[in-house]
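Chain by chain, the residues run as shown.
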Amino acid sequence: MKLVIKVNIKPLLTGYILTAIAFFLLTSITVGQAQTNKKKAEGSEPELLSEAYEGMFKIGVALNRWQIGEENSQSTPLIAKHFNTITPENLMKWSRIHPQPNEYSFEAADRFVEFGEKHDMFIVGHTLVWHSQIPDWTFEDENGDDLSREALLQRMKDHISTVVGRYKGRVDAWDVLNEAATWSDGLRKSKWLEIIGEEYINKAFEYAHEADPGAELYYNDYNLWAPDKRETVVKMVRRLQQNDVPIHGVGMQAHLGLDSPSLDDIEASIKAFSELGVKVMITELDVSVLPSRDDVNVSYNPDEGQGSYGDVPEELNPYKEELSDSVQQQLRDRYVELFELFKKHQDKIDRVTFWGLNDRQSWLNNFPIPGRTDYPLLFNRNNEPKPAFQGVLEGAGRKEGIK
Ligand code: 9MR
């Protein structure tokens with residue numbers, strides 16, 4: 001028996017045609033919509049910090065160990081969204097990463113680097129040679145006496161080649177030397193200088209270059225806006241350059257106040273360092289809103305029996321509960337003027353890094369007076385953007401305020 005299946009193809013064809021037309025129409029509408037959206041995006045003001053400064057300089061943030069585990073659901077998206085470069089606030093410092101003569105502790109640093117790679121960020125290592133956050137044993141032999149010059153150089157070399165070598169090709173840049181200059185008196189009289197002499201500076205950069213020839217190498221220091229300190233560092237960098245020591249940038253830490261230092265001083269330093277032919281970076285940006293001991297008429301120094309710790313007088317801690325609107329506005333204005341200056345010098349500035357994500361975790365809550373409530377950063381204690389955040393966007397030329 002022959003089984004004949006008769007199929008009437010007319011309705012089928014009609015169906016195909018109708019489906020094709022519907023698909024075509026739908027696709028055109030969707031593509032059109034996407035184009036409209038794109039146009040809208042192109043025309044609209046950027047909402048992300050890194051986007052606002054794209055093509056000018058990188059925008060970075062210093063991170064702590066609790067921000068690099070991804071488990072911090074509030075901070076991680078903010079970090080990933082707004083910043084394209086990260087620096088470890090503490091976890092690569094000598095005392096953390098190399099606590100005992102033959103013991104390195106890489107766990108947190110490894111996670112920091114993995115975090116940066118995962119989010120496709122420019123990773124800065126901080127810091128290899130510093131007088132602070134370094135154990136005493138570094139400078140001592142087994143009897144507790146000062147090491148010889150050769151032995152200390154060897155110790156420095158071991159540290160640098162172990163740390164830089166571990167992250168070769170992964171950490172993009174290193175703050176090789178931190179805070180080696182003083183306010184007005186040339187080089188800091190650190191153990192490094194005392195035992196090795198000025199050449200310790202050359203050696204630090206040379207060892208770092210040997211360990212990772214592809215990494216950028218920086219000198220990093222605070223108050224570099226101050227003319228005397230600026231001069232000391234200009235001389236230091238020139239001396240290194242004359243000796244063919246690889247140095248690629250100067251990091252101007254920027255722990256600033258609402259009114260000082262002046263923009264003129266900051267600008268003069270940006271120009272002076274740039275004229276050396278190195279990259280200029282604003283590396284540790286925050287703006288304290290709190291008064292200094294000299295600003296107020298109360299004596300408070302628990303170390304000298306004046307008051308007790310944790311009981312800071314209101315004059316020194318005026319915004320214990322919240323920041324007043326007027327100071328909030330002052331902070332915003334300060335960020336606007338700073339970023340207008342940075343934008344003006346975008347040809348010289350390679351990166352601007354904030355020293356922390358939110359006010360809650362800022363080191364300034366405990367320095368120079370422990371137990372205060374400061375508001376130096378762009379996000380508040382609940383990780384919400386402050387008017388200061390808007391000020392930074394405005395510095396890039398963005399006009400509207402955040403709603
Ligand atoms: O912000 C850091 C703070 O948590 C540490 O307790 C402190 C220890 O010295 O270091 C702070 O970071 C410093 C940075 O490494 C170098 N420039 C000055 C920074 C503020 O003190």
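Calculation criteria
- Residues numbered from 1 in each chain as written.
- Predicted model: local features only at pLDDT ≥ 70, side-chain atom pairs only at ≥ 80, totals over all residues.
- Heavy atoms only, no water.
- Axes fitted to C-alpha atoms, helices over the stretch in contact; angles between N-to-C directions.
- Helix = DSSP H or I, 4+ residues; strand = E, 2+ residues; numbered from the N terminus.
- Parallel < 35°, antiparallel > 145°, perpendicular 65-115°, else oblique.
- Left-handed = near helix turned anticlockwise from the far one by under 90°.
- Contact = heavy atoms within 4.5 Å.
- Nonpolar A, V, L, I, M, F, W, Y, C, P; charged D, E, K, R; others polar.
- Near = heavy atom within 4 Å.
- Polar contact = N/O pair within 3.5 Å; in protein donor to acceptor, adjacent residues only side chain to side chain.
- Areas by Shrake-Rupley, 256 points an atom, 1.4 Å probe, with all protein chains shown as cover.
- Pairing = 2+ DSSP bridges.
- pLDDT = per-residue confidence, 0-100.
- Buried < 20%, exposed > 50% of the residue type's maximum accessible area, 1.4 Å probe, protein only.
- Right-handed = clockwise from strand over helix to strand, strands pointing away.
- Phe/Tyr/Trp six-rings, centres within 6.5 Å; stacked < 30°, edge-to-face > 60°.
- Lys NZ or Arg CZ within 6 Å of the ring centre and 35° of its normal.

Caption draft 1: Region of the structure containing the packing of helix α10 (residues 263–274) against helix α11 (residues 325–344). Close contact between α10 and α11 brings their axes to 11 Å; oriented N to C, the two are set at 25°. Regarding the angle of α10 to α11, the classification is roughly parallel. For the element pair α10 and α11, the recorded crossing hand is right-handed. Here L263, I266, E267 and I270 of α10 lie close against α11, whose contacting residues are R334, E337, L338, L341, F342 and K344. Split by residue class, the contact of α10 with α11 holds 6 nonpolar, no polar and 4 charged.

Caption draft 2: Inspection of the site of the ligand at higher detail. Around the ligand, a shell composed of 13 residues is seen, among which E89, K93, H126, E179 and E284 lie nearest. A distance of 2.4 Å separates an oxygen atom of the ligand from a polar atom in the side chain of E89. Contact between the ligand and E284: a nitrogen atom at 2.8 Å from a side-chain N or O atom of the residue. Expressed as a share of its isolated accessible area of 450 Å², the protein-covered part of the ligand is 77%. For the shell around the ligand, the class distribution of residues is 3 nonpolar, 6 polar and 4 charged.

Caption draft 3: Structural context of the sheet that holds strand β2 (residues 85–88). Spatial strand order, β1-β2-β3-β4-β5-β6-β7-β8: 8 strands in a closed barrel with parallel pairing. Recorded for the sheet is a direction-independent mean angle of 30° between the axes of neighbouring strands. Across 2 bridges, β2 lies against strand β3 (residues 122–129) in parallel orientation. From the neighbouring strand, I86 faces β3, where its bridge partner is I123. In the packing of α10 onto the sheet, the strands contacted are β6 (249–257), β7 (279–288) and β8 (349–354), and the crossing angle to β6 comes to about 175°.

Caption draft 4: Seen up close, the confidence of the model for the chain. Here the chain averages 90 in pLDDT, while 87% of its residues score no lower than 70. The secondary-structure element of the chain with the lowest mean pLDDT is helix α1 (residues 9–43), recorded at 45, while strand β4 (residues 173–178) shows the highest, at 99. This model gives residues 9–13 a pLDDT under 50, and the stretch forms 0 contacts once residues within four places in sequence are excluded. Contacts of residues 23–41 to residues separated by more than four positions or lying in other chains number 0 contacts, the stretch itself having pLDDT below 50.

Caption draft 5: Inspection of the pairing of strand β5 (residues 216–221) at higher detail. Within β5, 6 of the 6 residues are buried, leaving the element largely enclosed by the surrounding structure. Residues E216, Y218 and N220 line one face of β5 and the alternating positions L217, Y219 and D221 line the opposite face, and both faces are buried. Of the pairings in the sheet, the one linking β4 to β5 comprises 5 bridges and is parallel in character. Note on β5: the bridge partner recorded for D175 is Y218. Bridge count for β5 against β6 is 4 bridges, and the pairing is parallel. Residue pairing across strands places Y218 opposite G249, the latter belonging to β6.

Caption draft 6: Expanded view of the pairing of β6. In terms of burial, β6 is largely enclosed, as 8 of its 9 residues are buried. For the segment spanning β5, helix α9 (residues 227–242) and β6, crossover handedness is right-handed. Sheet topology places β6 next to β7; 9 bridges connect them, and they run parallel. Across the sheet, Q253 pairs through a bridge with E284, a residue of β7. In this view, the connection linking β6 to its parallel neighbour β7 by way of α10 has right-handed handedness.

Caption draft 7: Region of interest: unusual backbone geometry. In this model, H126 is joined to T127 through a cis peptide bond whose omega is -5°. Among the structural elements, T127 can be located in strand β3. The residue after S260, namely P261, is reached through a cis peptide bond having omega 0°. Inspection of the secondary structure assignment puts P261 in the loop between β6 and α10. Look at E179: it is not a glycine, yet its phi comes out positive at around 55°. Its location among the elements puts E179 in the loop between β4 and α7 (191–196). For E179, a relative accessible area of 9% gives the class buried. Although it is not a glycine, N383 sits at a positive phi angle of roughly 65°. Residue position: N383 is located in the loop between β8 and α12 (387–395).

Caption draft 8: Summary view of the packing of aromatic side chains. Applying the stated rule across the entire model yields 16 aromatic pairs. Consider the rings of F83 and F354, whose centres lie 6.4 Å apart with planes at 70°: the pair is edge-to-face. Highlighted residues: F83 in the loop between α3 (75–82) and β2 and F354 in strand β8, separated in sequence by 271 residues. One exposure class covers both F83 and F354, and it is buried. Summarising the aromatic geometry, the rings of F339 and F342 are spaced 5.2 Å apart at their centres and angled 75° between planes, so their arrangement reads as edge-to-face. Remark: F342 and F339 occur in helix α11; sequence separation between them is 3 residues, near one turn of the helix. According to the relative accessible area criterion, F339 is buried, its value standing at 0%. Ring pairing ties together the aromatic residues Y53, F57, F83, Y335, F339, F342 and F354, which thus form one cluster. Lying across the ring of Y375, R381 places its NZ or CZ 4.9 Å from the centre.

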